[in-house]
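If you want the building blocks of each chain, they are given just below.
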Amino acid sequence: MNHYKSTKSDWDSDWDSDCDNSEKKRKTQHFDESDWDSDCEAGAKKRETQQHFDESDWDSDCENSAKKRKTQQHFDESDWDSDCENSAKKRKTQDIVELKGLLYARESHSSESDWDSDCDNSAKRLKRQPNEPKELLTDDTGHIKWYTGQQIGDYKIETELGEGTFGRVMKVRDINTGQAAALKVVKNQPSQRKSVMDEVIALTVIGWRDDIKSSLCVNMISWFSCGGHICIAFPLLGSSVYDFMKDNHFKPFLLDEVQHIGHQLCAAVSFLHEHNITHTDLKPDNILFVNSSYTTVYCEERNLELKRLRSTNIRLGDFGNVVRDGEYHPIIIGTRYYRSPEVILRLDWNSTCDVWALGCTLFELYSGEMLFPTEYDYEHLALIEAIIGKIPAEMTNASNTTYFKNGNLDFNWNNAEEHAQYNRRPLEDFRMDDSQYLDDLFYAMERMLQHEPSRRISSTEALTLPFWNDLH
């Protein structure tokens, strides 16, 4: 079921109460065809609705309002393919749909605070699902209170899969198809609703761009509002990489597993970057195995009993913090341990911050330990200098932080935490043997963990690294 279509009427019914004049209505591209027809009768109105497009391109694609209305009717790509032979028109329509369907897209808001308030209000305005219980209990922290067999939307809860700061993930079953799914039920809190609305937008864009489902990013089945909780349904996958490592007592993965997981992760990140999306929160917690079943094997090289995954296929998830090119870039992003030096120094950052996090994740898969185990900026920067090398003066001089004095980090290692002291050594010293395989792995990490974003390898270039050469 295309949930995106099913929610259009929900937005339409609330639209008139939100827009006091037709100008706003035209700018945001109302879904109601009758409104569209009235807006397209006059050329002046037509130009107003086309603010996001080049008028000459539009004129070449749509010669009259009848064609324009036809374009609006065919949101389903299979219908469009049968009706339109011109690929340029197809691309244009996809852009129209994106601008109209992204739930008050960021581009239409003058400030981040406007976006936050609109996300909160629009989440509240969504219609209740027909099968939603009259009362949906919420605890003091905003989490949903649930019981086995409880119905939420078109799903019945079977069990809880996990819990986080965002809310809970439930194993559910579709009452119409019988298909099992994972339902992310977000806390009934304004801040969490804002974040999940961002995630819905990102997943919608990714779904359109990934029409053959090859991006290795998780797919969104549907989303809806239920008693103040925004819910997103996903295919049922295995555990996260972090949870698997935790259950395995943080023992390292085998090298061929590191290779396959790392290559897939690199491909997923490259897909996002090619479509001007930065994940900003890449870490083992947000990488899911398609199937996390395993057997136990003995590794002679490491003298360890290790869990051997039956399949190392993964999907990249959690898009609640993505940033699209041209949007507002928060000063601080990412989880502490995977944060790049330019972010710590409050400098401008770009998509290569994901590549830094990818390098940190590769190390963690290989060693079972975090590369930068610290909670403090000073200690984090000290570890970066100890492991990767001295941070260039161009970066420290450009930073308005007070971490450096006369070009040197103002940090006393005598005050460092024990786990940080343990990692106080060059990256090469973490090698477990001298094989060519490790030469390629450490070269890959070295290219990803460059201080300066301009010298860091891109995610697309990283796909050509020799570490993946013998991947089967």
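Residues numbered from 1 in each chain as written. Predicted model: local features only at pLDDT ≥ 70, side-chain atom pairs only at ≥ 80, totals over all residues. Heavy atoms only, no water.

S.K.: Just checking my understanding: could you explain the side chain of Ser292 for this structure?
M.R.: Within the fold, Ser292 resides in the loop between β8 (287–289) and β9 (294–299). At a separation of 3.2 Å, a polar atom in the side chain of Ser292 contacts the main-chain amide nitrogen of Ser239. Beyond its immediate stretch of four places on either side in the chain, Ser292 contacts Gly238, Ser239, Phe244 and Leu309. (Helix = DSSP H or I, 4+ residues; strand = E, 2+ residues; numbered from the N terminus. Polar contact = N/O pair within 3.5 Å; in protein donor to acceptor, adjacent residues only side chain to side chain. Contact = heavy atoms within 4.5 Å.)

S.K.: How should the layout of surface pockets be read in this particular structure?
M.R.: Taking a probe equal in size to a water molecule and rolling it over the atoms shows the remaining empty space. Looking at the largest pocket, its volume works out to about 1100 Å³. Lining of the largest pocket is provided by 35 residues; of these, Phe166, Val169, Asp285, Asn286 and Leu288 occupy positions nearest its centre. For the lining of the largest pocket, the secondary-structure elements that each account for two or more residues are β2 (155–163), β3 (167–174), β4 (180–186), α11 (190–209), β6 (229–235) and α12 (241–247). (1 Å grid on protein atoms, 1.4 Å probe; cavity = no way out; pocket = protein on both sides within 12 Å on 5 of 7 lines; lining within 4 Å. Points joined across faces, edges and corners; volume = space filled by probe spheres on them.)

S.K.: What's the story with helix α16 (residues 377–387) in this structure? I'm lost.
M.R.: An α-helical turn contains 3.6 residues, so any two residues separated by three or four positions project in the same direction. The buried fraction of α16 amounts to 9 of the 11 residues, a majority that puts the element mostly inside the structure. In the core, the buried residues of α16 are packed alongside α14 (341–344), α15 (352–367), β13 (404–405), β14 (408–409) and α18 (418–422). Among the residues trailing α16, Gly389 stands out with phi positive, at a value near 130°. (Buried < 20%, exposed > 50% of the residue type's maximum accessible area, 1.4 Å probe, protein only.)

S.K.: Explain the packing of α15 against helix α19 (residues 436–448) to me, please; I cannot follow it from the model alone.
M.R.: Helix packing geometry: the angle between the two helix axes and the distance between the axes. Viewed as axis vectors pointing N to C, α15 and α19 meet at an angle of 150°, and their least axial separation amounts to 8 Å. Comparing their axes, α19 and α15 come out roughly antiparallel. In the packing of α15 onto α19, the handedness of the crossing is left-handed. Each of Val355, Trp356, Leu358, Gly359, Leu362, Phe363 and Tyr366 in α15 lies in contact with α19, whose residues at this interface are Leu438, Leu441, Phe442, Met445 and Met448. Class assignment for the residues of the contact of α15 with α19 results in 11 nonpolar, 1 polar and no charged. (Axes fitted to C-alpha atoms, helices over the stretch in contact; angles between N-to-C directions. Parallel < 35°, antiparallel > 145°, perpendicular 65-115°, else oblique. Left-handed = near helix turned anticlockwise from the far one by under 90°. Nonpolar A, V, L, I, M, F, W, Y, C, P; charged D, E, K, R; others polar.)

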